[in-house]
Amino acid sequence: MTARKSGSRLETEIERCRSESQWDKIPELVRQLSAKLISNDDLGELLLGECKLQTYLKENPIKQGASPRGPRPKLVEVRKHLTAALDRGNLKADYLQEASLLMAKLCYVEGEYRDALGHYSRVNLDDMQLGGAPVYRLSMIAEAYATKGLCLEKVPAASPSLSNKNTGSPSSNRSTTDREQEIITCYEKSGDIALLYLQEAEKALSAGIQNRSPKPGPTAQDLELGYFLETGLQRAHVIHFKNGNLTRGVGRFREILRAVENRTTQSLRMTIARQLAEILLRGMCEQSYWSPLEDPPTVSPLDDPTRQGHTHSKNYSLSRRPRVYSGENLFCPQENTEEALLLLLISESMANRDAVLSRIPEHNNDRIISLQSASVVYDLLTIALGRRGQYEMLSECLERAMKFAFEEFHLWYQLALSLMAAGKSARAVKVLKECIRLKPDDPTIPLLAVKLCIGPLHWLDEGECFAKMVIDMGEKAAEFRAKGYLAIGLVYSLKATDASLRSTQEEYQRKALGAFQRAQSLSPTDHLAAFYLALQLAVSRQIPEALGYVRQALQLQGDDVHSLHLLALLLSAQKHYHDALNIIEMALSEYPENFNLLYTKVKLESMCRGPEEALLTCKHMLQIWKSFYNLTNPSDSGRGSSLLDRAIADRRQLNAMTLPDFSDPETGGLQDANTLGFSSMFSVCSVHATSIAASRVEQALSEVASSLQSSAPKHGPLHPWMTLAQIWLHAAEVYTGMSKPAEASACTQEASNLFPTSHNVLYMRGQIAELRGNIDEAKRWYEEALSINPTHVKTMQRLGLILHQLQRYSLSEKVLRDAVQVNSTAHDVWNSLGEVLQAQGNAAAATECFLTALELEASSPILPFTIIPRAL
């Protein structure tokens, strides 16, 4: 009885060591077992043979694609032990099966593939029970299926029908297909049983740790997959993809990923998740996608059409399968990009968790592998999130990658581009500076930085520095050198617009012209160089020269919207208003949603066709705004529309934006704009509002207001709400020209509902007050507008005239002279200044001002040339 209990204890310990792959303890346990139970000598032979085989494989791991090893001296003892265990026949049936599996494994290691298949045929793997089997036996069965599949791939079929496979007979093709199916089935069974083994082994390991005494000691190591288990998990989908059967390959990936995770398979799962995401993004469209919870389609466009008849389906069952994730309310992707994004976010989390950051030489290879693995994940994330326009989310993901990114240009550059696309321009410039440090000879990086500095940021001094970097590269910049001169010309042009002193303006205009001329000489086929040279000449009121270069730009790029717009403004400066209107209408046929063209059309129509036509264009602009910005899917919003989606969520703001009810029957075309139903326009969007928290809405609105009430219109593209406000203000201006203050006031109120403290809104209120004869009220509105934007020339000119009417000549002269300093080409200001000087008795100075006004008016466009955006 004592010996039996001792043997039972030893057998339990042996089983535990086999499950945990602690092969170094097996010889001592076998010695103890042999001393206690003499009848179990054959079991000892089995255990010693297994121990030596596993130790050999650990010291001499099999590599993928290695040639047959042949006999090895260290394996002679293994064969001796296993042969003794098999030949004497004293083993129980289960142990006898194990000995045969080990012998077959040994034959494979030695390159005897036919002998290995013979052992598997005698054992009959399909009859081995998985239910109630010890953990280590699950591993042996999984390895056996993988080894059998490897042997079947290496050994040609021996049946008579297969020997004629080159004849092309139906039986030959059918036998080849059956053989392929058998191989795939072996690998799939191996993978399923391997997952089951790893789950059970981890559970047993955790239970063993909990049951042991809490003495300090070494922690249990993670299980190792080994060559055979890893082959079983990965080989099946490789064959599916090689055979052109993407449907089964994707299905196999999903089966592995749905299994309950354990620590041993984490690296493998990350690889599989990344590979599946790549297939979903690059090889699958929405029409060929099917849900992970659905059965795959029997016929799929993903599969090779020449092998449709050989599509392998899963045709086996196991008595025990690995556990899979299940439960209620689990997220299930509904389309390919969604599933790919889920997989990549999981992979990214694993890559960040397992990152190797140590810079010591011993960890160099591991760090390189970790970086490469993470870079692939982030590149795929860029594709997935870029398709959805989720650049803010992408930039957040790439920021987490920065711990990998020491001296890694690719990740820094990806982060910079994502920040640019997300509208985080200031941070993008800082990241681009690091990219310039890492790659100082690449001219495209400082050009990107210039683009941000000129556009959304209006950091002109920084932009000048970046542009000079490109110019200073000289011949190394190659064709980008012309872009460098173009960039610095734009910087000088914008600085000239911002300058408050006329001398400074003229100096920057001279520099801008020189830079544009240099760019045009370096790249005579670049339409942008000719266009910006024409624009700068137009701003400097050199109209004939500007017309020559804009025509040259149109010869190079006939459908460029800005060149067409500039041509129309130049024609209007020469008082060819009908020709300018024809050009605008031609441009609008190509770019019907360009609001800058529409603004110019309103001004030209007011002059050529009457205000009623201009009001119809205003109505058309409102309809375009509704169709263009009335969005329901934030991912499809495009540039700048995320602000719109966020602002729409405030119901109080929406309720305030209703079209005014004009009671005057003479209101003309805008009276019919009521049919637009602005309230119905916003009611479509109000459904989306319920999904956004009120606090976030308030924050979003404050951000919109603060950004749009600044000088953004002059420095970059307009945001949606500012566009809408400008439409209302243009309509108000038309009504003011028609001497209809009530209608103009109603339109101004609509703009005020959007931006109550905008200087343009306050200026228009002053215009309406003047129209009604309320001089004091108009003066108050103009003063409030100048308190917000002290350099608004139109407001300064109107305030100067009101002060002149109030006989405050000195103050009026000062305001108008300040306006001339801001914009020396404003003929209205010069004319008003002449009137003030004449009233003061300074006839000579007044005459000079009148002559200047006449000269400037002769070259004055319908709208300022600076309405055309200047961006790289």
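A. Quick look at the nonpolar core. Core analysis: the biggest nonpolar cluster contains 223 residues, and Tyr-378, Leu-566, Leu-570, Phe-595 and Phe-865 have the highest contact counts within it. When sequence neighbours within four positions are dropped, the list of residues in contact with Leu-570 reads Ala-538, Ile-543, Ala-546, Leu-547, Val-550 and Phe-865. The next biggest cluster of nonpolar side chains, apart from the first, holds 29 residues, and it includes Trp-781, Tyr-782, Leu-786 and Leu-856.

B. Up close: the packing of helix α35 (residues 759-771) against helix α36 (residues 775-788). Look at α35 against α36: their axes get within 8 Å of each other, and the N-to-C directions meet at 165°. Classified by the interaxial angle, the pair formed by α35 and α36 is roughly antiparallel. Handedness of the crossing formed by α35 with α36: left-handed. Together, His-759, Leu-762, Tyr-763, Arg-765, Gly-766, Gln-767, Ala-769 and Glu-770 of α35 and Glu-777, Ala-778, Trp-781, Tyr-782, Glu-784, Ala-785 and Ile-788 of α36 make up the contact between the two elements.

C. Layout of the packing of helix α26 (residues 595-608) against helix α27 (residues 611-629). Their axes nearest at 7 Å, the elements α26 and α27 cross at an angle of 165°. For the element pair α26 / α27, the angle class is roughly antiparallel. Between α26 and α27 the crossing geometry is left-handed. Facing Phe-595, Leu-598, Tyr-599, Lys-601, Val-602, Glu-605 and Ser-606 of α26, the residues of α27 in contact are Pro-611, Glu-613, Ala-614, Thr-617, Cys-618, His-620, Met-621, Ile-624, Trp-625 and Tyr-629. When grouped by side-chain class, the residues that make up the contact of α26 with α27 number 11 nonpolar, three polar and three charged.

D. Highlighting the side chain of Glu-339. Residue position: Glu-339 is located in helix α13 (residues 336-353). Those residues within four positions of Glu-339 in sequence are excluded, and the remaining contacts are Arg-254, Leu-276, Leu-280, Tyr-289, Pro-292 and Pro-333.

E. Expanded view of unusual backbone geometry. At Glu-407, a residue that is not glycine, the phi angle is positive and equals roughly 60°. Along the chain, Glu-407 falls in the loop between α15 (391-400) and α16 (409-421). A residue is classified by how much of its surface remains accessible, and Glu-407, at 39% relative accessible area, is partly exposed. You will see that Gln-807, though not glycine, has its phi angle at about 60°, which is positive. Exposure remark for Gln-807: the relative accessible area of 58% places this residue in the exposed category.

Thresholds applied
- Residues numbered from 1 in each chain as written.
- Predicted model: local features only at pLDDT ≥ 70, side-chain atom pairs only at ≥ 80, totals over all residues.
- Heavy atoms only, no water.
- Core = buried A, V, L, I, M, F, W, Y, C linked by side-chain atoms within 4.5 Å.
- Buried < 20%, exposed > 50% of the residue type's maximum accessible area, 1.4 Å probe, protein only.
- Contact = heavy atoms within 4.5 Å.
- Axes fitted to C-alpha atoms, helices over the stretch in contact; angles between N-to-C directions.
- Helix = DSSP H or I, 4+ residues; strand = E, 2+ residues; numbered from the N terminus.
- Parallel < 35°, antiparallel > 145°, perpendicular 65-115°, else oblique.
- Left-handed = near helix turned anticlockwise from the far one by under 90°.
- Nonpolar A, V, L, I, M, F, W, Y, C, P; charged D, E, K, R; others polar.

Keep in mind these numbers describe shape, not what the thing actually does.
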